[in-house]
Amino acid sequence: MNESPNFVTLEVEGKSVRLPVVIGSEGEKAIDIGSLRRETGYVTLDPSFMNTAACYSQITFIDGEKGILRYRGIPIEDLVRKTMFIEVAYLLVHGELPNEEQRRNFSAMLNVNSMLHEDMRHFFDHFPQGAHPMHILSTMINALAAFYPNVDLKSMSEDIDLSSARLISIVRTMAAFAYKKSIGEPVVYPRHDLSYCANFLNMMFDSPVRPYQIHPEAVRILNILFILHADHEQNCSTTAVRTIGSAQVNLYATISAGISALSGPLHGGANQAVIEMLKMIQADGNVKKFIDMAKDRNNPFRLMGFGHRVYKTYDPRAAIIKKECHDYLERTHYTDPLLEVAREVEEAALHDSYFIERNLYPNVDFYTGILYRALGIPENMFTVMFALARLPGWVAHWKEMIGGETKIVRPRQIYIGKTPADTVDVMENREPLLH
Ligand code: CMC
């Protein structure tokens with residue numbers, strides 16, 4: 001961040017206020033309105049933070065107009081070609097890619113912390129059949145605070161290596177256990193000899209009667225998907241993590257809130273919603289009908305996996321996933337008719353003036369589900385996959401937030417409700433309570 005010598009001047013009720021201009025390292029400009037209320041009595045109004053930078057951050061940069069995404073200055077295109085997910089996790093949390101020794105130590109910590117407290121396993125038995133794995137996951141993460149009660153805010157921030165390794169590793173174990181529970185199979189424990197992604201696939205699909213063959217190509221694809229989902233600056237769930245964390249809540253409860261935010265269909269839940277939508281379109285056979293429904297203001301239907309608050313061009317993650325999806329299906333001779341439906345929908349939308357005028361392009365979720373299907377991941381686990389991948393991003397933002405001078409997050413509002421003049425009759429006609 002460069003401190004710009006520039007100021008902007010705002011005229012409020014005849015009074016001039018000089019507000020500093022702040023410029024980020026990629027040239028983004030902002031007006032620092034910190035003194036506005038003190039000097040004028042006014043606040044700013046920006047519902048859903050469409051136009052508000054809520055913090056400084058050094059973690060991730062997005063240029064939504066150019067379709068650029070970088071973690072700690074490194075383009076995601078390079079990261080997917082040259083790194084493993086756990087290296088990216090380290091990069092996000094620590095600011096640098098690990099050297100060989102740091103990578104080995106981080107791997108060892110992931111292994112040591114991969115087991116779930118044995119008593120926690122029994123929790124899984126008490127969720128109703130059919131419970132969504134995202135609800136199970138957020139509950140279980142919250143419960144971690146009860147099993148690791150000595151991990152308070154101070155020790156967590158001092159030993160961020162341990163707390164991040166425990167979370168990143170244990171969430172993977174929980175996710176696989178939740179899946180095994182949902183299909184009535186015995187759980188498979190993590191193995192120290194397997195990489196992060198291979199371990200996850202093994203815990204998901206190995207069984208006493210049908211040993212799982214770990215396919216290196218499946219591991220590679222999962223690695224890419226996880227890297228592409230690992231962070232996305234101030235999205236809804238990360239904002240939830242920063243907001244809740246600012247009250248000095250423990251890290252587990254904070255991450256649990258992030259998982260809950262991610263589960264919504266407008267956020268991470270969109271990857272599952274896309275597949276449900278593509279199936280509907282496939283069954284109906286009429287792509288145009290669904291495009292028209294998405295354009296109709298009186299119809300709540302939206303084209304899932306399309307549009308983004310920040311990207312006004314093709315989401316760079318979607319571009320990589322689309323290509324990997326096509327190549328993986330071809331190489332493994334796996335046929336998914338939904339890929340053809342997805343291509344038709346994309347083609348139709350990208351040539352339609354409604355989508356063109358609003359800059360609506362496929363986002364990260366549009367092709368992701370097709371790849372997950374090809375890996376054998378069931379649909380209700382898609383958003384869980386997103387959560388596993390986003391864990392390092394949430395931890396990195398939490399660490400940055402508590403390490404800075406963050407005050408508790410507490411926006412203002414513009415009250416538009418009743419005044420005492422509106423309620424005076426109600427209260428005048430009411431007898432006082434006899435205590
Ligand atoms: N289908 C049809 N119309 C759309 C869509 C869509 N998917 N997305 C936006 N629009 C229209 C919207 O109706 C509005 O039109 P108008 O200007 O006539 O009122 C205009 O485009 C701007 O949309 P918005 O809702 O104001 O944009 P937003 O920034 O508030 O919402 C979004 C962003 C991602 C929630 C939205 O595009 C959407 O609902 N997309 C579908 C759900 C989805 O794919 N979510 C995943 C997002 S990426 C991954 C993640 O964040 O987890």
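Refer to the structure above for everything that follows.
Here the structure is a predicted model, which is why all the values come from computation and not from measurement.

> I'd like to hear about the environment of Lys 323, residue by residue, with values.
Relative to the helices and strands, Lys 323 resides in helix 15 (residues 316-331). Sequence separation between Lys 323 and Ile 86 is 237 residues, and the spatial gap between their C-alpha atoms is 23 Å. In this structure the side chain of Lys 323 is engaged in a polar contact, spanning 2.6 Å, whose partner is the side chain of Asp 327.

> I'd like to hear about the pairing of strand 4 (residues 60-63), residue by residue, with values.
Residues of strand 4 alternate between two faces, with Thr 60 and Ile 62 on one and Phe 61 and Asp 63 on the opposite face, all of them buried. Where strand 4 and strand 5 (residues 68-71) come together, four bridges link them in antiparallel fashion. The residue bridging Ile 62 from the neighbouring strand is Leu 69, located in strand 5. With antiparallel pairing between neighbouring strands as the criterion, strand 4 and strand 5 make up a hairpin whose turn holds four residues, including Gly 67 at a positive phi of roughly 70°.

> I'd like a description of a nonpolar patch on the surface, backed by residues and values.
A cluster of nonpolar side chains, namely Leu 45, Ile 414 and Ile 416, defines an oily patch on the protein surface of about 380 Å² accessible area. Judged by its relative accessible area of 66%, Leu 45 is exposed.

> Pulling in residues and values, what's your account of the side chain of Arg 70?
Here Arg 70 shows up in strand 5. Arg 70 has contacts with Glu 26, Ile 59, Thr 60, Phe 61 and Pro 75, leaving out every residue within four places of it along the chain.

> Explain the sheet that holds strand 5 residue by residue, including any values.
The three strands are arranged 4-5-6 in an open sheet whose pairing can be described as antiparallel. One side of each edge strand has no neighbouring strand; the edge strands of this open sheet are strand 4 and strand 6 (74-75).

> Can you tell me about the site of the ligand, naming the residues and giving the values?
Close contacts around the ligand come from 21 residues, with His 267, Arg 302, Leu 303, Gly 305 and Arg 309 the closest. In the environment of the ligand, an oxygen atom lies 2.7 Å from a nitrogen or oxygen atom belonging to the side chain of Arg 302. Starting from 940 Å² of accessible surface for the ligand in isolation, the protein chains cover 77%. Broken down by class, the residue content of the shell around the ligand amounts to 10 nonpolar, six polar and five charged.

> Got a sec to walk through the pairing of strand 5? Specific residues and values, please.
Here strand 5 runs beside strand 6; their pairing, made up of two bridges, is antiparallel. Within strand 6, the residue paired with Arg 70 across the bridge is Pro 75. Once strand 5 ends, the chain turns through two residues before running back antiparallel as strand 6, passing Arg 72 with a positive phi of about 50°.

> How would you summarise the packing of aromatic side chains if you had to cite specific residues and measurements?
On inspection of all chains with the given rule, the structure shows 16 aromatic pairs. Judged by centre distance (5.5 Å) and plane angle (45°), the ring pair of Phe 205 and Tyr 212 falls under tilted. Residue Tyr 212 is classed as partly exposed on the basis of its relative accessible area of 22%. Three or more aromatic residues joined by ring pairs form one cluster here, namely Phe 306, Tyr 354, Phe 355, Phe 366 and Tyr 367. Across from the ring centre of Phe 7, 4.0 Å away, lies the NZ or CZ of Arg 18, which sits over that ring.

The rules behind these values
Residues numbered from 1 in each chain as written. Predicted model: local features only at pLDDT ≥ 70, side-chain atom pairs only at ≥ 80, totals over all residues. Heavy atoms only, no water. Helix = DSSP H or I, 4+ residues; strand = E, 2+ residues; numbered from the N terminus. Polar contact = N/O pair within 3.5 Å; in protein donor to acceptor, adjacent residues only side chain to side chain. Buried < 20%, exposed > 50% of the residue type's maximum accessible area, 1.4 Å probe, protein only. Pairing = 2+ DSSP bridges. Patch = residues over 30% accessible without salt bridge, like charges linked within 9 Å, V, L, I, M, F, W, Y side chains within 5 Å. Areas by Shrake-Rupley, 256 points an atom, 1.4 Å probe, with all protein chains shown as cover. Salt bridge = Lys/Arg side-chain N within 4 Å of Asp/Glu carboxyl O. Contact = heavy atoms within 4.5 Å. Near = heavy atom within 4 Å. Nonpolar A, V, L, I, M, F, W, Y, C, P; charged D, E, K, R; others polar. Phe/Tyr/Trp six-rings, centres within 6.5 Å; stacked < 30°, edge-to-face > 60°. Lys NZ or Arg CZ within 6 Å of the ring centre and 35° of its normal.

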